[in-house]
Amino acid sequence: MSKLDKSTALALLRQMMVIRDFEETADKLCLRGKVPGGMHNSSGQEAVAVGTLSAIAKDDVIATTHRSHHHTLAKGYSAKSVMAELFTKSTGISHGRGGSMHLAEVTEGHFGGNGIVGAGVGIAMGAALGIQHIGDKKIAVGFVGDGGMNTGRTWESINMASIWKLPLIILVDNNQYAVETFVGRVTGGGDLAKRASGFGLPAYNIDGQDVLEVRKYVSEARERALAGEGPTFINALTYRYYGHNVGEKGQYRTQEEIAQWRTTQDPIDKFTEVVISSGFATQAEVEELRASVRKEIEEAVAFAESSPEPEIASITQGVDSGKLGVQL
Amino acid sequence: MTTEVKAVTPTYSEAFQSGVREEMNRNKKIFIIGTDLVERGGHFAQVKGIAQEFGLKQVRDAPISEAAMIAAGMGAAMYGCHPIVDLNFIDFSLGAMDEIINQAAKIRFMFDRPVPLVIRATSGVALGGAHHCNSLESFFAHTAGLSLAVPSTPMDVKGLIKTALRNEDPVIFLMHKKLSGIRGEIGDENYFVPFGKAKTIKAGKDAAIITYGYSAVTATKAAQALEAEGISVEVIDLRTLYPIDQDAIDAAVIKFGRVVVLDEAPLFGSITAEIAATASERNFKSLKGPIVRVGAVRAPLSANPAMSEAAIPSVDQISKAVKQVMSY
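Parameters and conventions
- Residues numbered from 1 in each chain as written.
- Chains lettered and ligands numbered in written order.
- Predicted model: local features only at pLDDT ≥ 70, side-chain atom pairs only at ≥ 80, totals over all residues.
- Heavy atoms only, no water.
- Helix = DSSP H or I, 4+ residues; strand = E, 2+ residues; numbered from the N terminus.
- Rg over C-alpha atoms; globule rule 2.2 N^0.38 Å.
- Buried < 20%, exposed > 50% of the residue type's maximum accessible area, 1.4 Å probe, protein only.
- Phe/Tyr/Trp six-rings, centres within 6.5 Å; stacked < 30°, edge-to-face > 60°.
- Lys NZ or Arg CZ within 6 Å of the ring centre and 35° of its normal.
- Domains from an automatic or database assignment.
- Contact = heavy atoms within 4.5 Å.
- Buried area = accessible area lost by both parts, 1.4 Å probe.
- Salt bridge = Lys/Arg side-chain N within 4 Å of Asp/Glu carboxyl O.
- Polar contact = N/O pair within 3.5 Å; in protein donor to acceptor, adjacent residues only side chain to side chain.
- Nonpolar A, V, L, I, M, F, W, Y, C, P; charged D, E, K, R; others polar.
- Axes fitted to C-alpha atoms, helices over the stretch in contact; angles between N-to-C directions.
- Parallel < 35°, antiparallel > 145°, perpendicular 65-115°, else oblique.
- Left-handed = near helix turned anticlockwise from the far one by under 90°.
- Pairing = 2+ DSSP bridges.

1. Concerning the overall build of chain B
- Within chain B, the secondary structure is distributed over 12 helices and 12 strands.
- Over its C-alpha atoms chain B spans a radius of gyration of 20 Å, differing by no more than 12% from the 20 Å that the globule rule assigns to 328 residues.
- Taking the principal axes of its C-alpha atoms as reference, chain B extends roughly 65 × 60 × 40 Å.
- Classification of the 328 residues of chain B by burial places 62% in the buried group.

2. Re the packing of aromatic side chains
- This structure, assessed with the given rule, holds 10 aromatic pairs over all chains.
- Plain terms: the ring middles of Tyr-177 of chain A and Tyr-239 of chain A are 6.4 Å apart, the flat faces sit at 80 degrees to each other, and that makes the pair edge-to-face. With Tyr-177 of chain A in strand E4 (residues 177–178) and Tyr-239 of chain A in the loop between strand E7 (232–237) and helix H10 (255–264), this residue pair connects regions lying 62 residues apart in the sequence. Summarising the burial analysis for this pair, Tyr-177 of chain A and Tyr-239 of chain A share the class buried.
- Seen from their ring centres, Tyr-239 of chain A and Trp-261 of chain A are 5.0 Å apart, and the 5 degrees between their planes marks the pair as stacked. Here Trp-261 of chain A lies in helix H10 and Tyr-239 of chain A lies in the loop between E7 and H10, a separation of 22 residues in the sequence.
- What links up through ring pairs into an aromatic cluster is the set Tyr-177, Phe-182, Tyr-239, Tyr-252 and Trp-261 of chain A.
- A cation sits over an aromatic face here: Arg-97 of chain A above Phe-109 of chain B, 3.9 Å from the ring centre.
- Above the ring of Phe-16 of chain B, the side-chain terminus of Arg-120 of chain B is found at 5.5 Å from the ring centroid.

3. Considerations on the domain arrangement of chain B
All names here are of chain B.
- Splitting chain B by domain gives domain 1 (12–179) and domain 2 (199–326).
- Computed over C-alpha atoms only, the centres of domain 1 and domain 2 are separated by 27 Å.
- Counting residues at the interface gives 24 residues for domain 1 and 25 residues for domain 2.
- Buried surface at the junction of domain 1 and domain 2, summed over both partners, amounts to about 1,900 Å²; 62% is from carbon and sulfur atoms.
- Taken together, the connections running from domain 1 to domain 2 amount to two salt bridges.
- At the junction of domain 1 and domain 2, the tally comes to 10 residue pairs in polar contact (both at pLDDT 80 or more).
- A breakdown of the residues in the side of domain 1 that touches domain 2 according to their chemical character gives 13 nonpolar, eight polar and three charged.

4. Considering the interface of chain A and chain B
- Facing the 47 residues of chain A at the interface are 47 residues of chain B.
- Where chain A abuts chain B, roughly 3,900 Å² becomes buried across the two surfaces, and 64% of that area is made up of carbon and sulfur atoms.
- Contact with chain B buries area across many residues of chain A, yet His-133, Leu-324 and Leu-328 of chain A alone supply 21% of it, more than any other trio.
- Between Arg-153 of chain A and Asp-98 of chain B there is a salt bridge whose closest N-O contact spans 3.8 Å.
- Counting the contacts that link chain A with chain B gives 16 residue pairs in polar contact (both at pLDDT 80 or more).
- Put simply, the parts of the chain that give the side of chain A that touches chain B at least two residues each are helix H5 (119–134) and helix H6 (152–163) of chain A.
- Among the elements that make up the side of chain A that touches chain B, the one with the highest residue count is H5 of chain A (12 residues).
- Per-class residue counts for the side of chain A that touches chain B are 20 nonpolar, 20 polar and seven charged.

5. Considerations on the packing of helix H4 (residues 79–86) of chain A against helix H12 (residues 283–306) of chain A
Residue and element names in this part refer to chain A.
- At a closest axis distance of 8 Å, the pairing of H4 and H12 adopts a crossing angle of 45 degrees. Taken together, H4 and H12 sit at an angle that is classed as oblique. Considering only the axes of H4 and H12, their crossing is right-handed. Residues Ala-79, Lys-80, Met-83 and Ala-84 of H4 touch H12, and the partners they reach there are Glu-296, Ile-297, Glu-299, Ala-300, Val-301, Phe-303 and Ala-304.
- A class-by-class count of the residues in the contact of H4 with H12 yields eight nonpolar, no polar and three charged.

6. A word on the pattern of salt bridges
Residues and elements named next belong to chain A.
- Following the criterion strictly, the structure yields 30 salt bridges over all chains and no others.
- Among the salt bridges present, the one from Glu-305 reaches Lys-34, with a minimum N-O distance of 3.3 Å. With Glu-305 in helix H12 and Lys-34 in the loop between helix H1 (6–31) and helix H2 (46–53), this residue pair connects regions lying 271 residues apart in the sequence.
- Given the relative accessible area of 34%, Glu-305 is considered partly exposed.
- Look at Lys-34 and you get partly exposed, because its relative accessible area is 26%.

7. Details of the sheet that holds strand E7 (residues 199–202) of chain B
Residue and element names in this part refer to chain B.
- Read across the open sheet, the five strands follow the order E7-E9-E8-E11-E12; overall the sheet is mixed. Strand pairing shows two members of the sheet lacking a second neighbour, E7 and strand E12 (292–296), which therefore form its edges. Strand-to-strand twist in this sheet, taken as the mean axis angle between neighbours without regard to direction, amounts to 25 degrees.
- Sheet strands touched by helix H9 (residues 246–256): strand E8 (207–211), strand E9 (233–237) and strand E11 (259–266). Its angle to E8, the strand with the most contacts, is close to 160 degrees.
- The sheet strands contacting helix H10 (residues 271–283) are E11 and E12, and the helix crosses E11 at an angle near 155 degrees.

In structure tokens:
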């Protein structure tokens, strides 16, 4: 990966700011009842999403998890289309049929968030099989959380990717808590990269709060996949600042622990320091960037608020093609 | 002495091979994933010789990972391929129920993306006990987004698999294991059987048996036995359970007013319940008395041959059911 330049650095920083502002804004709107069914806030995990998505091509495939706003925004979808989907409006990325957990644009390689833990790895593995079968020069990324690391289907898919040398990256967006269960309490052996390496693929534990580190590992894994050398497993250690779902008041971790991560390991703060110390922006310019992000998110909320609801009469449309009964 | 040389017609399994071969020849995006397909040709010889003819990229032997097999097929289908996942026995689909019901079936509705995936397996009761003889068709027919083929003849196997492989919907393709070796004519490469079109396999004047799969054979035997007693029974083979040929069911109810619905699944919550309930809602006044359902007892299948036979409808039971509707 080439040396970091100014425009890339500012793009990475801005994208992380967009995610943070989006999530904290959506969280409040969710508490006001604007997000039917609730949502999962990814604040704190921005570097995993931005590091990964900035290192792959626009038409590479991703399939992800129940916590996927950050992956979707980082893939380049507008805050408007994602916010509108959270509001389940017809202008949303899934036309209001998916909601917070089912953001997708399959034609462009976003194979969807998912309500089922671990399912995204399987779908991405299948996409990688399709890529290999057709012979395209693309890769697929399957996001999974630490919770999905103890789900059988995840490892079935990792094994299949390994034996067939599929162009796949398994990216563990490891925020350390499966709802309220600490990963260390439920993970035999403890070391996820070690567990994965038993399946015969390169596997790394990396710092998920460092956007450049994530970007570097994903970029190298992508090259390996494109060269036909098969899948790579990357366990990016990160932290979520909010509860599993909006409004949760859990007793499973201390306020001190959360504060510790926020004050010393925040991915946006850490990268802002890099941007300023590299001379890519002044503090004042960073604040300008933040203000432009604020405006973008306000516009997204206004767009979502004013967007029409989906047509209820379409409820049974698009379930299937309706063409199986037609005589060929 | 002269001997008449008669061309041997293909088996039910060979009919599947024939349809798949023809479609694979015209569409390279069709490939098959499953266990023991390459050398063994599948547990029922359903794909025998295809790997040797088309190569190991088109027929992939997989590990025994049902969830990953279905995920592989689904992700590849979303990407643009048309995979066939061969599970050998539908009982094994239970390890991939999330992938089938939560994922493959719902993607088109939520994400407006077709999932052209065929899941092939055998279904129905033969010897083999509780884990190889399930009739799970009501699970799948109940699920919006899935279509379901249940052919009973070589002609229909080939015609239906070709239709499935020219369409873009996920199809569960269930072949009855006791029919694997039966022989019959098959259509040419331009012969397609549409889904949702039943076939009258024996004409009759007094009553109708509506059925599918191997039960079409037992129904025909019962109908022949009843002819000797002066009762003329029509046998209707549904061929697909979703879409279902409601027009043919309605027509039989209106024409005869005396209807038996038959399959091998436990009666409670079965397809036969669906057919009977809908028929009485739509054409109650045409009925001369209640529709009689014949199905299996509510018990797992036993390994004991006599006990297994006792669980499912016998020719005698079917004849009794017809006599009951004739008594109205």
